[in-house]
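Below, each chain spelled out in residue letters.
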Amino acid sequence: MLPIVTLAILLVAGLAAAAGFVLGRGSARQAGLDVVSLEALRREVGGLRRLVDRLKDLAWDHRELDSPLSTIVIDEIRTHERGQLDD
């Protein structure tokens, strides 16, 4: 039961990171950020992308614990990634 809870927490964290990325991107366009703030934002976005990649890897590596949940997590991340490519 504990691995399922851990995977669910990681999923929530990944979704929150993705939401933060989308909201931050919109705010950055409106505020006209300076170079320092823009670089900090890029570093944060890079960190969030690495986190989502790690979540996807964890879901794949531990799919034997809860295959349906792992499939949902991986599919959601891939759907989001495809949507980012379309933008």
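Residues numbered from 1 in each chain as written. Predicted model: local features only at pLDDT ≥ 70, side-chain atom pairs only at ≥ 80, totals over all residues. Heavy atoms only, no water.

What to know about the overall build of the protein chain
For the protein chain, the helix and strand inventory stands at three helices and zero strands. Traced from its N-terminal end to its C-terminal end, the protein chain shows the element sequence α-α-α. When the 87 residues of the protein chain are sorted by exposure, 23% land in the buried category. Taking contacts inside the protein chain between residues at least 6 apart in sequence as the whole, the part at least 24 apart equals 66%. Roughly 6200 Å² of accessible area belongs to the protein chain as shown, and the carbon and sulfur atoms make up 62% of that amount. (Helix = DSSP H or I, 4+ residues; strand = E, 2+ residues; numbered from the N terminus. Buried < 20%, exposed > 50% of the residue type's maximum accessible area, 1.4 Å probe, protein only. Contact = heavy atoms within 4.5 Å. Areas by Shrake-Rupley, 256 points an atom, 1.4 Å probe, with all protein chains shown as cover.)

A closer look at a negative patch on the surface
A surface patch of negative charge is lined by Asp-53, Asp-57, Asp-61 and Glu-64. Within the element layout of this structure, Asp-57 appears in helix α2 (residues 35-61). Since its relative accessible area comes to 38%, Asp-57 is described here as partly exposed. (Patch = residues over 30% accessible without salt bridge, like charges linked within 9 Å, V, L, I, M, F, W, Y side chains within 5 Å. Salt bridge = Lys/Arg side-chain N within 4 Å of Asp/Glu carboxyl O. Lys, Arg positive; Asp, Glu negative; His and termini not counted. Charge placed at Lys NZ, Arg CZ, Asp CG, Glu CD.)

A closer look at the pattern of salt bridges
Close approach of charged atoms lets side chains of opposite charge pair. One pass over the full model with this rule turns up two salt bridges. Here Glu-39 makes a salt bridge to Arg-42, at a shortest N to O gap of 3.1 Å. Of this pair, Glu-39 and Arg-42 both sit in helix α2, separated by three residues, roughly a single helical turn.

Section: the packing of α2 against helix α3 (residues 67-86)
Their axes nearest at 8 Å, the elements α2 and α3 cross at an angle of 150 degrees. With respect to each other, α2 and α3 are oriented roughly antiparallel. Here α2 and α3 pass one another in a crossing that is left-handed. Taken together, the residues of α3 that come into contact with α2 (itself represented by Val-52, Asp-53, Leu-55, Lys-56, Ala-59 and Trp-60) are Ser-70, Val-73, Ile-74, Ile-77 and Glu-81. Residue composition of the contact of α2 with α3, grouped by class: seven nonpolar, one polar and three charged. (Axes fitted to C-alpha atoms, helices over the stretch in contact; angles between N-to-C directions. Parallel < 35°, antiparallel > 145°, perpendicular 65-115°, else oblique. Left-handed = near helix turned anticlockwise from the far one by under 90°. Nonpolar A, V, L, I, M, F, W, Y, C, P; charged D, E, K, R; others polar.)

Things to note about the nonpolar core
Counting residues in each nonpolar core, the largest one holds nine residues, listed as Leu-7, Leu-11, Val-52, Leu-55, Ala-59, Leu-69, Val-73, Ile-74 and Ile-77. Those elements giving two or more residues to this core turn out to be α1 (2-31), α2 and α3. A total of four residues in this core trace back to one element, the largest contributor, which is α3. Ile-74 has contacts with Lys-56, Ala-59 and Trp-60, leaving out every residue within four places of it along the chain. (Core = buried A, V, L, I, M, F, W, Y, C linked by side-chain atoms within 4.5 Å.)

Considerations on the confidence of the model for the protein chain
Low pLDDT marks stretches whose predicted atomic positions should not be read closely. Across the protein chain, the average pLDDT comes to 80, with 82% of residues at 70 or higher. Within the protein chain, the lowest mean pLDDT, 68, falls on α1, and the highest, 89, falls on α2. (pLDDT = per-residue confidence, 0-100.)

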